[in-house]
Amino acid sequence: MQNLYNLAARQDDDLVDRCAAENIAFAAFFPLGGFSPLQSGTLTDVAGRLGASPQQVALAWLLQRSATMVLIPGTSSVAHLRENVAAANLGLPADAVTELDAIAPGGSAG
C-alpha cells in the first residue's frame, strides 16, 4: 500500500493501523513533505533536543509509527543518504512522540 503520509498529512491513520494489523507494508509517499518540505517549530525543537536533523526525526517518527512502515525518501547525495539511513537507529522518547503526534491538525497517530 502506498499513500501520502507524514507528520503533517495523517488522513490515513486508520489505514496505517489496518495495514499493520494485516501485516501489509505501508509505503509513506512524501515522507518528508514532498515539494513542500515539512516545517514545524515542534519538529525543529525535538530534533535539537535529540541531536538529530528534523528530517531524521520525521523519518524516525514514521518508522516508530508502524512496524510495517516502509520509507523511500529521496536523496541527492551520499551524505544525505547516510543521514536518512541513520534515522532508522534514532529512538524517539515517548514525550517526543507525543509532541510530534500533535503536529497534524486534529490528528493523532495510533
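Here, every reference points to the structure presented above.
In this text the structure is predicted, and so the values were computed from the model without any measurement.

We now examine the packing of aromatic side chains. Evaluation of the coordinates by the stated rule reveals 3 aromatic pairs. Consider the rings of Tyr5 and Phe26, whose centres lie 5.7 Å apart with planes at 75°: the pair is edge-to-face. Taken together, the residues Tyr5 in the loop between β1 (2–4) and α1 (13–21) and Phe26 in strand β2 (residues 26–29) connect sequence positions 21 residues apart. Side by side, Tyr5 and Phe26 carry an identical accessibility label, which is buried. Note on Phe29 and Phe30: the rings are 4.3 Å apart at their centroids and 40° apart in plane angle, and the pair reads as tilted.

Let's shift gears to helix α5 (residues 94–101). Given 3.6 residues per turn, any residue in an α-helix points the same way as the ones three and four places further on. Regarding α5, the residues found buried are Ala96, Leu100 and Asp101. The buried residues of α5 occupy one face: seen down the axis, they fall within an arc of 135°. Of the exposed residues in α5, the ones pointing more than 90 degrees away from its buried face are Ala94 and Thr98. Where α5 is buried, its residues meet α2 (41–50) and α3 (54–65).

For the rest of this paragraph, the subject is the side chain of Ser53. Summarising the element assignment, Ser53 is placed in the loop between α2 and α3. You can call Ser53 buried: its relative accessible area is 15%. Apart from residues no more than four positions distant in its own chain, Ser53 is found in contact with Ala47 and Glu83.

Grouped together as the largest cluster of nonpolar side chains are 25 residues, with contacts concentrated most on Tyr5, Val57, Met69 and Leu100. Looking at this core, the elements with two or more residues in it are α1, β2, α2, α3, β3 (69–71) and α5. By residue number, the principal contributor to this core is α3, which donates 6 residues.

This next bit is on the sheet that holds β2. The strand order across the open sheet formed by 3 strands is β1-β2-β3, and the pairing between neighbours is parallel. Of all strands in the sheet, those bounded by a partner on one side alone are β1 and β3. Along the sheet, successive strands turn relative to each other by an average axial angle of 40°, direction set aside. Pairing analysis gives 3 bridges linking β2 to β3, with the strands arranged parallel. Note on β3: the bridge partner recorded for Ala28 is Leu71. Contacting β2 and β3, α3 crosses the sheet at an angle of about 150° to β3.

So, how was this worked out
Residues numbered from 1 in each chain as written. Predicted model: local features only at pLDDT ≥ 70, side-chain atom pairs only at ≥ 80, totals over all residues. Heavy atoms only, no water. Phe/Tyr/Trp six-rings, centres within 6.5 Å; stacked < 30°, edge-to-face > 60°. Helix = DSSP H or I, 4+ residues; strand = E, 2+ residues; numbered from the N terminus. Buried < 20%, exposed > 50% of the residue type's maximum accessible area, 1.4 Å probe, protein only. Arc of directions from axis to C-beta. Contact = heavy atoms within 4.5 Å. Core = buried A, V, L, I, M, F, W, Y, C linked by side-chain atoms within 4.5 Å. Pairing = 2+ DSSP bridges. Axes fitted to C-alpha atoms, helices over the stretch in contact; angles between N-to-C directions.

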